Amino acid sequence: MKSLMDKAPPDISQADDVIYSTWQTISSSPVWIALIAFFLRVAWIILGHTYRFKTTDNNFGFGWEMGRIAASLASGHGFSNQFGPPSGPTAWEPPLYPYLAAGVFFVFGIYSKLSAFVLLAINSAFSALTCIPIFLIARRMFSLKVALWSAWAWALLPNVMFWCTRAIWETSLSALLLALAIWLCVKMEELDGWRPWFGFGLLWGVIALNGTSLLAFLPAAGLWTWRRRWKVRKKSLAGVVLASAVFFAAIAPWLIRNYQTFGTFIFIRDNFGAELRLGNGPGADGMLMNYLDPLHDPQAMRQVLSMGEVAYIAMRKQQAVDYIKQDYGRFAKLSLKRFFYFWAGPPKENQDWWVTQSKNALFLLSSVLALWGLGHALRLRKHGAWLLFWLVLLYPAVYYFVYTIPRYRHPIEPEMTILCVFLITEAERKSAFSRQKSGVS
């Protein structure tokens with residue numbers, strides 16, 4: 001008994017040091033941040049029951065056109081029927097995500113709750129993994145502090161979690177792939193050999209097959225990478241040729257499929273004309289005219305079924321072009337409104353006014369902070385700042401002429417997060433310097 005009493009009490013400070021050291025290791029590791037981000041997203045799916053999609057619209061909200069194509073693939077009818085009724089083969093969407101969803105449908109059931117959970121968990125994994133390239137980009141461009149804060153912001157912010165936990169779509173995968181592409185761009189001047197160029201071409205081929213609109217940024221990314229390597233006297237011609245060859249080899253099978261299926265050249269997807277009409281025509285106000293979509297307009301659905309996809313899209317494109325040509329000034333005003341909606345968020349008719357205004361105010365604030373951060377990075381000549389400038393300039397441009405919804409901004413939000421954090425840390429640094437200066441004086 002005495003020996004037990006004589007034992008020294010546990011060293012609490014030593015235990016605290018171990019806990020602190022463990023937390024320091026976890027909090028400074030992008031891999032751990034990604035794991036925590038994934039856990040939070042999956043917990044949100046479970047607790048919020050976001051895997052329960054409504055069935056009153058015949059499951060259309062479960063993946064929309066991509067869900068319909070995935071269901072067609074899983075049921076043995078091929079890459080077709082993007083609206084549900086048998087309308088034949090389609091090139092309405094790029095192929096990568098519908099095939100992924102089809103694989104899940106095949107194993108876990110078409111439009112089942114289990115399939116919904118698995119797909120949202122996969123999206124959550126894409127979103128969580130984005131923490132890693134965010135960390136790498138921010139550390140290369142700015143500092144370790146900005147890298148850690150940016151990764152944690154992406155891991156924890158609820159608005160970031162929204163799309164991966166609620167939408168069966170390629171959005172989260174596009175954000176991950178684009179972030180990886182930008183990280184590769186900022187690293188290319190340090191890399192030698194053919195492998196980085198092979199990876200560059202393959203990555204952009206995957207991007208093209210997943211989110212084709214991101215290709216608007218590819219020329220700027222390639223030219224910026226080439227210029228950075230030229231400035232450090234590294235040869236790039238053979239690498240550019242290799243990357244180009246790999247890129248076209250990656251997308252060639254789908255281009256061949258489209259030509260054999262439709263008898264005309266279609267670059268990955270063909271729905272631009274129809275989308276252009278959903279934003280431009282009688283009654284246009286800068287918003288998506290969803291009521292003209294074949295799912296909401298019986299006449300449009302009959303036209304798709306009777307004319308075929310290619311002829312229907314050509315007709316819709318001509319209608320939009322005729323409307324635009326009637327009054328270019330009106331089109332310019334509509335495009336300006338769409339520019340504002342892309343960065344500030346469009347109005348939402350199905351929500352209370354104050355809810356919409358609150359959400360859009362936060363949406364706009366994040367845009368302002370990101371663009372302000374970009375401007376500050378350009379003034380300080382930070383590495384990669386001009387690359388992000390071209391991203392912000394080029395990627396959204398097509399949506400100014402068609403229509404925009406909040407989801408379209410998400411693929412560039414990892415880079416926006418980095419810029420927001422950079423601006424905040426710069427403000428904090430200047431504030432600390434000012435306090436120190438006043439204390440000394």
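Residues numbered from 1 in each chain as written. Predicted model: local features only at pLDDT ≥ 70, side-chain atom pairs only at ≥ 80, totals over all residues. Heavy atoms only, no water.

Focus: the overall build of the protein
Stage number 1. A count of helical and extended segments in the protein gives 21 helices and zero strands.
Stage number 2. With respect to the three principal axes, the spread of C-alpha positions in the protein is 90 × 60 × 50 Å.
Stage number 3. Here the protein, with 441 residues, has 50% of them falling under the buried criterion.
Stage number 4. Here the analysis covers contacts within the protein between residues at least 6 apart in sequence; of these, 72% occur between residues at least 24 apart.
Stage number 5. About 22000 Å² of surface is accessible on the protein, with carbon and sulfur atoms providing 67% of the total.
Stage number 6. Here the protein holds 42 positive side-chain charges and 25 negative ones, and the gap between their average locations is 7 Å. (Helix = DSSP H or I, 4+ residues; strand = E, 2+ residues; numbered from the N terminus. Buried < 20%, exposed > 50% of the residue type's maximum accessible area, 1.4 Å probe, protein only. Contact = heavy atoms within 4.5 Å. Areas by Shrake-Rupley, 256 points an atom, 1.4 Å probe, with all protein chains shown as cover. Lys, Arg positive; Asp, Glu negative; His and termini not counted. Charge placed at Lys NZ, Arg CZ, Asp CG, Glu CD.)

What about a nonpolar patch on the surface?
Stage number 1. A cluster of nonpolar side chains, contributed by Phe-106, Val-107, Phe-108 and Leu-114, occupies part of the molecular surface with about 430 Å² of accessible area.
Stage number 2. Considering the arrangement of structural elements, one finds Phe-106 in helix α5 (residues 96-108).
Stage number 3. Using a relative accessible area of 67% as the deciding quantity, one classes Phe-106 as exposed. (Patch = residues over 30% accessible without salt bridge, like charges linked within 9 Å, V, L, I, M, F, W, Y side chains within 5 Å. Salt bridge = Lys/Arg side-chain N within 4 Å of Asp/Glu carboxyl O.)

As for the packing of aromatic side chains
Stage number 1. For the structure on display, the rule yields 28 aromatic pairs.
Stage number 2. Each ring, one from Trp-194 and one from Phe-198, has its centre 6.0 Å from the other, and the planes form 90°; the classification is edge-to-face.
Stage number 3. Phe-198 gets classed as partly exposed once you look at its relative accessible area, which sits at 35%. (Phe/Tyr/Trp six-rings, centres within 6.5 Å; stacked < 30°, edge-to-face > 60°.)

Observations concerning the confidence of the model for the protein
Stage number 1. Confidence in the prediction for the protein averages 93 pLDDT; 93% of positions are at 70 or higher.
Stage number 2. Throughout residues 1-5 the model reports pLDDT below 50, and contacts reaching past four residues in sequence, or to other chains, amount to zero contacts. (pLDDT = per-residue confidence, 0-100.)

Focus: the side chain of Ser-80
Stage number 1. For Ser-80, the location among the structural elements is in the loop between α4 (64-74) and α5.
Stage number 2. Given a relative accessible area of 5%, Ser-80 falls into the buried group.
Stage number 3. Apart from the residues lying within four places of it in its own chain, the contact partners of Ser-80 are Arg-68, Ile-69, Ser-72, Gly-88, Pro-89 and Thr-90.

A few points about the packing of helix α12 (residues 218-231) against helix α19 (residues 385-394)
Stage number 1. Where α12 contacts α19, the axes come no closer than 9 Å and their chain directions differ by 165°. Of the possible angle classes, the one that applies to α12 and α19 is roughly antiparallel. Along this stretch, α12 crosses α19, giving a crossing that reads as right-handed. Two secondary-structure elements touch here, α12 through Ala-220, Ala-221 and Trp-224 and α19 through Trp-386, Leu-387, Trp-390 and Leu-394.
Stage number 2. Of the residues belonging to the contact of α12 with α19, the class tally is seven nonpolar, no polar and no charged. (Axes fitted to C-alpha atoms, helices over the stretch in contact; angles between N-to-C directions. Parallel < 35°, antiparallel > 145°, perpendicular 65-115°, else oblique. Left-handed = near helix turned anticlockwise from the far one by under 90°. Nonpolar A, V, L, I, M, F, W, Y, C, P; charged D, E, K, R; others polar.)

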